[in-house]
Amino acid sequence: MKKNIIFDFGGVLYNIDFRLTFEAFEKLGITNFEQMFSQFEANTLFQDLETGRIRPAAFYEKIKNIAPQPLSNEQVKDAWNALLLGYRTTSLDFLISLKEKYNLFLLSNTNQIHYDHFAPQLQEQTKYTTLESFFTKAYYSHEVGMRKPNKEVFEFVLNNGELRAEETLFIDDSFTNFPEAENLGIKTHLLKPGQYIEQLDYDSF
């Protein structure tokens, strides 16, 4: 019987479009940004940002160093945040009723720059105050120093949240994040494009 549900954030509770960031950086003259970063693979720079090994200021400098023209921090930040579209408000509303039956957790590969954008955006777009209020615990990669799909982050969540793997469901929109979770005994579900969490049959998992 499933007692716990771990949700991804982007593409699950929040709408994102990586293409918009790729296009924004291309307009700044960085034409190979898509090869450097994508939803399914990130090079060392982005991994370091998402695990908190480097701060936003260092990230801005590294991006500016590879740009063919002078850029400001604000230009880099705006391009980096271009993929962030907004909350799925009906999905957030659904979480309120869902947490009456399950223990809810959040596990997101993100970074301080994106967090500083989408955290205050919640109050602008919805009636809710904090994203963390929906969950028993929220785990952000840049805060815990680990990121999906690595086994260590799933072990950390299970241990820190005091969860039994066989009682836990993990919902994500990236299939590449599943193998290590499944190896630990966690049930997984791929949320497909156009699908919403409120459409799922949770009793069937």
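Worth saying up front: this structure is predicted, and the values here are computed from it rather than measured.

1. A few points about unusual backbone geometry
Then comes step 1: With an omega of 10°, the peptide bond running from Lys148 to Pro149 counts as cis.
Then comes step 2: Looking at the secondary structure, you find Pro149 in the loop between α8 (141-144) and α9 (151-160).

2. Digging into the side chain of Glu50
Then comes step 1: Along the chain, Glu50 falls in helix α3 (residues 44-50).
Then comes step 2: Here the side chain of Glu50 touches Arg147 through a polar contact of 2.8 Å, side chain to side chain.

3. Observations concerning the nonpolar core
Then comes step 1: By size, the foremost hydrophobic cluster in this structure holds 51 residues, and its most contacted members are Phe7, Phe59, Leu95, Leu131 and Tyr202.
Then comes step 2: Apart from residues no more than four positions distant in its own chain, Leu131 is found in contact with Phe9, Tyr87, Leu92, Leu106, Phe118, Leu122 and Tyr140.
Then comes step 3: Core analysis: the next-biggest nonpolar cluster, separate from the first, contains 15 residues, Ile6, Leu107, Met146 and Leu163 among them.

4. Quick notes on the environment of Ile6
Then comes step 1: Examined against the element boundaries, Ile6 turns out to sit in strand β1 (residues 4-7).
Then comes step 2: When its relative accessible area of 1% is taken as the criterion, Ile6 is described as buried.
Then comes step 3: Placed 163 residues apart in sequence, Ile6 and Leu169 show a C-alpha to C-alpha distance of 6.1 Å.
Then comes step 4: Once residues lying within four places of it in the same chain are set aside, the contact partners of Ile6 are Phe105, Leu107, Val157, Leu163, Thr168, Leu169, Phe170 and Ile171.

Reading the values: the criteria
- Residues numbered from 1 in each chain as written.
- Predicted model: local features only at pLDDT ≥ 70, side-chain atom pairs only at ≥ 80, totals over all residues.
- Heavy atoms only, no water.
- Helix = DSSP H or I, 4+ residues; strand = E, 2+ residues; numbered from the N terminus.
- Polar contact = N/O pair within 3.5 Å; in protein donor to acceptor, adjacent residues only side chain to side chain.
- Core = buried A, V, L, I, M, F, W, Y, C linked by side-chain atoms within 4.5 Å.
- Buried < 20%, exposed > 50% of the residue type's maximum accessible area, 1.4 Å probe, protein only.
- Contact = heavy atoms within 4.5 Å.

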